[in-house]
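Listed below, chain by chain, are the residues.
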Amino acid sequence: MEVGVVVEHVQQVAAVRGDHAAAAGDVEGALRSVSRLQAWLTSSRTALTKQLAAHATFPEQTAADCTRGSTHDAIRDHERADTLQHTPAMADALDDGNVTAGHVDAITTTARNLDNDAQRAELFDCVEGLVDVAAIATVSQWRRRLGMEANKIRRGDGMDRLGRQRRDSRVRTWVDNEGMWRLDGRFDPVTGARLAARLDAATQALFAEETPDTCPSDPIEKQRHLRALALARTICDHGAGGGRPGRPEFVVVVDASTPDGAGGPSVDWGIPVEIPHRVLADLIDDGTVHAVVVRNGVVLHAPGTLDLGRTTRLASRAQRRALRALYTTCAIPGCSVHYDRCKLHHIIWWRHGGRTDLDNLLPVCTRHHTRIHKDRWHLTLGPHRELSIHTPNGTIHNTGPPSRAAA
């Protein structure tokens, strides 16, 4: 979009905002201008984030600082830039305000769910011929169209549909802004039918003759509530071992370098929501508790063997517990990927003789693990796990000891 056109849209929006007696048609036109301006700004931010990568070692963190946003937003901009690089016609449409960021994100998500780079390349080629469709479609309509095209691409390589659906099974969990632990899953139809039958049977068996006091009065919400209780009861009481009670594991971090306000060390139970102490006591009675004591980036005590030498390349559960006490996210500055989704990287690479010892292991996300190997970053750790990152262009980035509070 030319700068003059951008100015015209801004002036139109400002004029209508200032006219409280503006006609409905003028207000609708101003809203369309806002949409086109948002698309142009998204295009600009995406392009600038991509440009920043040539100047900054950690462009996501720098972009987040510049925009006062999050590194997650900056990573999403980087993903958009990659998508638009493969679909130049869509990039032009976004810059002209004819499509939105949501349309681009739908392409990114659809491509990510395909099975290989050849399929993704085919999708990108297909998108180039569908820009006019995207320009008149809502994001939901565009997402459905992309899904249809993805299914055609998958069928073209002869994959069995059920097999593909099983490969596409996913579960994700998170804590929302109200402190509620959330669960979202998608399963192939066969597994889904089994899960639905098991959940229906559990709901009927548990609540056929009694209704919990927590039930809402609305009948639809009541059924959803009962199914949630049945799911929780089924998993917590029976676990995944064919009827054996499942025992949750809690890693309790005692941080000797952080006072609790009463003269003692801080204690973190690793539970992402605030719960009453009485409930916490009942919870840990049913679980397995591992205590890890840390101070200023050093593990003072942790259960299990923490140094395995050259006996194995893979880190043990004991090592993962110990490092979880120090890190809540990827160790690379500004990265918000949760620790449980990180790999344990050998500071001195395994193939270079590195040992699987605690002081040679660092949690990094898949993206940064790739950059360490592909871009030949050289990492070193100090005595308190101070991290130094040396890049091939001579840039050195230093951090202090890991801090759980910083995440």
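Above this note sits the structure.
The shown structure was predicted, so the numbers you read here are calculated from the model rather than taken from an experiment.

Parameters and conventions
Residues numbered from 1 in each chain as written. Predicted model: local features only at pLDDT ≥ 70, side-chain atom pairs only at ≥ 80, totals over all residues. Heavy atoms only, no water. Pairing = 2+ DSSP bridges. Helix = DSSP H or I, 4+ residues; strand = E, 2+ residues; numbered from the N terminus. Axes fitted to C-alpha atoms, helices over the stretch in contact; angles between N-to-C directions. Contact = heavy atoms within 4.5 Å. Buried < 20%, exposed > 50% of the residue type's maximum accessible area, 1.4 Å probe, protein only. Core = buried A, V, L, I, M, F, W, Y, C linked by side-chain atoms within 4.5 Å.

Which residues make up the sheet that holds strand β3 (residues 249-259), and what are the values?
Taken in spatial order, the 4 strands make up an open sheet running β4-β3-β5-β6, and their pairing is mixed. Two strands in the sheet have a free side with no partner beyond their single neighbour: β4 (265-268) and β6 (298-301). Across this sheet, the average inter-strand angle for adjacent strands is 30°, counted without regard to direction. Against the sheet, helix α14 (residues 317-326) touches β3, β5 (288-295) and β6, its axis set at about 55° to β5.

Summarise the environment of R145; cite the residues concerned and give the values.
The topology assignment puts R145 in helix α9 (residues 139-156). Overall, the relative accessible area of 28% leaves R145 in the partly exposed class. A C-alpha to C-alpha distance of 9.1 Å links R145 and A134, two positions 11 residues apart in sequence. Non-local contacts of R145, meaning those with residues more than four positions away in its chain, are made with L130 and V133.

Tell me about the sheet that holds strand β10 (residues 387-390), and name the residues and values.
Overall, antiparallel pairing links the 3 strands, which are arranged β9-β10-β11 in an open sheet. Single-partner strands in this sheet number two, and they are β9 (378-381) and β11 (396-398). Taken pair by pair, the neighbouring strands of this sheet meet at an average axis angle of 15°, ignoring direction. By the bridge criterion, 3 bridges tie β10 to β11 in an arrangement that is antiparallel.

Go over unusual backbone geometry with me, naming the residues and quoting the values.
Backbone geometry at N296 places phi at a positive 50°, although glycine is not the residue there. Within the secondary structure, N296 is located in the loop between β5 and β6.

Describe in detail the nonpolar core, supporting the description with residues and values.
Grouped together as the largest cluster of nonpolar side chains are 33 residues, with contacts concentrated most on V299, L323, I332, L362 and L379. Taken together, the elements giving at least two residues each to this core come down to β3, β5, α14, β8 (361-364) and β10. Take this core: its biggest share by element is 5 residues, from α14. Grouped together as the second largest cluster of nonpolar side chains are 23 residues, L84, L94, L130 and A137 included.

Read these as spatial facts, not as claims about activity.
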